Amino acid sequence: MAQAPKFYTDVHIPKAVVKQLRDKGVDIIHGSEVGKSDDSDVQHLTYCADKKRTIISFDSDFEVLHYRWLTEGKWHAGILKINVALQGDNGIGRIVAIVLGYHENITGGAGQVETDLHNRLYYER
């Protein structure tokens, strides 16, 4: 069986997303659960790189950070940049579906964590 991806959300992603994904067997944590509520985007990305967790965020800063890190030869575990239009109650189900899709594709053998998430930036709308 393929290695399952691990995810992390910054504090702007609703906690309901984390709960629903956990209920579906996804390894995911919310930044507030690990004392990261006030961290900068650089600190979030550093934490995720250390823990090998793909970050999920609405923040556009991660686009710049992705390219800066690659240019500097740094490694990260992947970034899912979610469109801000998905914020709020109407977007929770859509975000869950997006993350669950990555999880199921990789655990089902259609991809690999190392090649399909690590050092990658995905824009999800």
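The shown structure was predicted, so the numbers you read here are calculated from the model rather than taken from an experiment.

Visitor: Explain the packing of aromatic side chains to me, please; I cannot follow it from the model alone.
Guide: Aromatic ring pairs are defined here through the distance separating the ring centres and the angle between the ring planes. Counted according to the given criterion, the structure contains two aromatic pairs. Taking the centre distance of 5.4 Å and the plane angle of 45° together, the rings of Y8 and Y47 count as tilted. Separated by 39 residues along the polypeptide, Y8 in strand β1 (residues 6-9) and Y47 in helix α2 (residues 41-51) bring together distant segments of the chain. Using a relative accessible area of 14% as the deciding quantity, one classes Y47 as buried. One Lys or Arg, K74, reaches over the ring of W69 and ends 5.0 Å from the middle of that ring.

Visitor: Mind showing me how you'd approach the side chain of H103 here?
Guide: The residue H103 is located in helix α4 (residues 89-107) in this model. The exposure class assigned to H103 is buried, which follows from its relative accessible area of 10%. Discounting residues that sit within four places of it in the chain, H103 has contacts with A4, P5, F7, G25 and V26.

Visitor: Looking at this structure, I do not really get unusual backbone geometry. What am I missing?
Guide: Across the chain, the bulk of peptide bonds are trans and the bulk of non-glycine residues have phi less than zero. Even without a glycine there, the phi angle at K52 is positive, about 55°. Topologically, K52 is positioned in the loop between α2 and β3 (54-57). Classification of K52 by relative accessible area gives exposed; the value is 51%. Non-glycine residue N119 carries a positive phi angle of around 60°.

Visitor: Hey, could you run me through the pairing of strand β4 (residues 79-82) in this one?
Guide: Look at any regular strand and the pattern is simple: side chains alternate between the two faces of the sheet. Burial along β4 is two-sided: I79 and K81 and L80 and I82, pointing in opposite directions, are all buried. Sheet topology places β3 next to β4; three bridges connect them, and they run parallel. The partner of I55 across the bridge, within β4, is I79. Regarding topology, helix α3 (residues 61-71) serves as the crossover connection from β3 to the parallel β4, and that connection is right-handed. Note: β4 against strand β5 (residues 121-124), four bridges, orientation parallel. Bridged to K81 within β5 is Y123.

About the criteria used
Residues numbered from 1 in each chain as written. Predicted model: local features only at pLDDT ≥ 70, side-chain atom pairs only at ≥ 80, totals over all residues. Heavy atoms only, no water. Phe/Tyr/Trp six-rings, centres within 6.5 Å; stacked < 30°, edge-to-face > 60°. Helix = DSSP H or I, 4+ residues; strand = E, 2+ residues; numbered from the N terminus. Buried < 20%, exposed > 50% of the residue type's maximum accessible area, 1.4 Å probe, protein only. Lys NZ or Arg CZ within 6 Å of the ring centre and 35° of its normal. Contact = heavy atoms within 4.5 Å. Pairing = 2+ DSSP bridges. Right-handed = clockwise from strand over helix to strand, strands pointing away.

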